[in-house]
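Working through the structure, step by step
Read off the chains here:
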Amino acid sequence: MSTLRHLVKIVGVAAALGIAATATATAAPAKPSGDVSPMIVGGSPATTQQYPWTVALIYNGTQWCGGTLVAPNKVVTAAHCTAGKAPSTWRIAAGRTDLRTNEGVLAKVTKVWQHPNYRSVTQGDDVAVMTLDQNLPYQTLPLATSADAGLYAAGTMAKTLGWGDTTGSGTYSDTLNQVDVPVTSDQTCTTAYGADYRKAAMVCAGYPDGGKDSCQADSGGPLVASGKLIGVVSWGEGCALAGKPGVYARVSSYVDLIKQQL
Ligand code: ARG
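Computed from a predicted model, the values in this text were never measured in an experiment.

1. Describing the sheet that holds strand E6 (residues 105-114)
An order of E2-E3-E4-E7-E6-E5 is seen for the six strands of this closed barrel, with the pairing classed as antiparallel. Ignoring strand direction, the axes of neighbouring strands in this sheet form an average angle of 40 degrees.

2. Quick look at the side chain of Ser120
Relative to the helices and strands, Ser120 is located in the loop between E6 and strand E7 (128-132). Classification of Ser120 by relative accessible area gives buried; the value is 5%. At 2.9 Å, the side chain of Ser120 forms a polar contact with the side chain of Gln123.

3. Focus: the site of the ligand
Close to the ligand lie 16 residues; His80, Asp213, Ser214, Ala217 and Ser219 are nearest. One of the side-chain N or O atoms of Asp213 is found 2.7 Å from a nitrogen atom in the ligand. Considering each element in turn, the shell around the ligand owes the most residues, three residues, to strand E12 (residues 228-235). Counted by class, the shell around the ligand contains six nonpolar, eight polar and two charged residues.

4. Overview of the pattern of salt bridges
Overall, the coordinates contain six salt bridges when judged by the stated rule. Between Arg250 and Asp186 there is a salt bridge; the shortest N-O distance is 3.4 Å. Here Arg250, found in strand E13 (residues 246-250), pairs with Asp186, found in helix H4 (residues 186-193); they are 64 residues apart in sequence, far enough to count as distant. For Asp186, a relative accessible area of 32% puts it in the partly exposed group. Between Glu237 and Lys244 there is a salt bridge, with its nearest N and O atoms 3.4 Å apart. The structure contains a network of salt bridges with shared partners spanning Asp98, Arg100 and Asp174.

5. Comments concerning the state of the cysteines
Disulfide: a covalent bond formed between the sulfur atoms of two cysteine residues. Here the structure, examined in full by the defined rule, presents three disulfides. With a sulfur-sulfur separation of 1.7 Å, Cys189 is cross-linked through a disulfide to Cys204. Here Cys189 is found in helix H4, whereas its partner Cys204 is found in strand E10 (residues 202-205), with 15 residues between them in sequence. Neither Cys189 nor Cys204 differs from the other in exposure class; each is buried. Here Cys215 pairs with Cys239 through a disulfide, and the sulfurs are 2.1 Å apart. Here the S-S torsion is close to 85 degrees, and the disulfide linking Cys215 with Cys239 is therefore right-handed. Placement of Cys215 in the loop between E10 and strand E11 (222-225) and of Cys239 in the loop between E12 and E13 is noted, with a sequence separation of 24 residues between them. Neither residue differs from the other here; Cys215 and Cys239 are each classed as buried. Along the protein chain, the cysteines engaged in disulfide bonds are linked according to the scheme 1-2, 3-4, 5-6 when indexed in sequence order.

6. Looking at the packing of aromatic side chains
What the rule picks out here adds up to four aromatic pairs. When the centroid spacing of 5.7 Å and the interplanar angle of 65 degrees are considered together, the rings of Tyr51 and Trp53 count as edge-to-face. Each member of the pair Tyr51 and Trp53 is classed as buried. Members of the aromatic cluster, connected to one another through ring pairs, are Tyr59, Trp64 and Trp90.

About the thresholds
- Residues numbered from 1 in each chain as written.
- Predicted model: local features only at pLDDT ≥ 70, side-chain atom pairs only at ≥ 80, totals over all residues.
- Heavy atoms only, no water.
- Pairing = 2+ DSSP bridges.
- Helix = DSSP H or I, 4+ residues; strand = E, 2+ residues; numbered from the N terminus.
- Axes fitted to C-alpha atoms, helices over the stretch in contact; angles between N-to-C directions.
- Buried < 20%, exposed > 50% of the residue type's maximum accessible area, 1.4 Å probe, protein only.
- Polar contact = N/O pair within 3.5 Å; in protein donor to acceptor, adjacent residues only side chain to side chain.
- Near = heavy atom within 4 Å.
- Nonpolar A, V, L, I, M, F, W, Y, C, P; charged D, E, K, R; others polar.
- Salt bridge = Lys/Arg side-chain N within 4 Å of Asp/Glu carboxyl O.
- Disulfide = S-S within 2.5 Å.
- Phe/Tyr/Trp six-rings, centres within 6.5 Å; stacked < 30°, edge-to-face > 60°.

Below, the structure written as structure tokens:
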């Protein structure tokens, strides 16, 4: 992808983040020192054959965010991805590991529901549901419910996926990447982010020393544990920094609202 497209994306993400932009999108060298391999951040390549419910959200031709297919024509993503953008500006690439190819399906979006209380990522409610113009021939992912509290216990291993920044300094990927990160306790996340971490609305995942994380343009994508969608990539300070886990929208808190849109 071109430098211009990356610049456009960074500025756009910063604008979407509003008050949190300084911490998330424009934080200078977010790359932690040490051995970070260049994927998602600290991850490895993945395919949409392995993870068929992982989709890329293309805004005006540029990969902008990720999403998860939760019904044949419904994608869960982040409200900060969809805020202020018309449904017609989106295309959803499914079954397309490499965004430079035409593999899979490119769907249109007919409707976007955004959590009505969404204001900014640090205030929570960062969830949205897109309705597609067609049913996709791909496996869907179940949503975590109130019965899945155990999946939010500290130490639960979860996977996040996306086409986003692999370094924390604007190295976007044309191909899908994955990384496994442990869910953290509410206490750990409050230590990291103070009152910006709202435990009813969010869940954090990452290692104490960092090194593995989702990053810019992974937003809206999945955090998966035990075959269920437990989180939606939302925000963080830099990417993969020690003491600064990734913050995800807590799906089990929004499952009823989301199901009303399916
Ligand atoms: N807000 C970012 C986006 O719009 C996602 C940031 C996730 N950050 C993190 N450290 N996990 O793509």
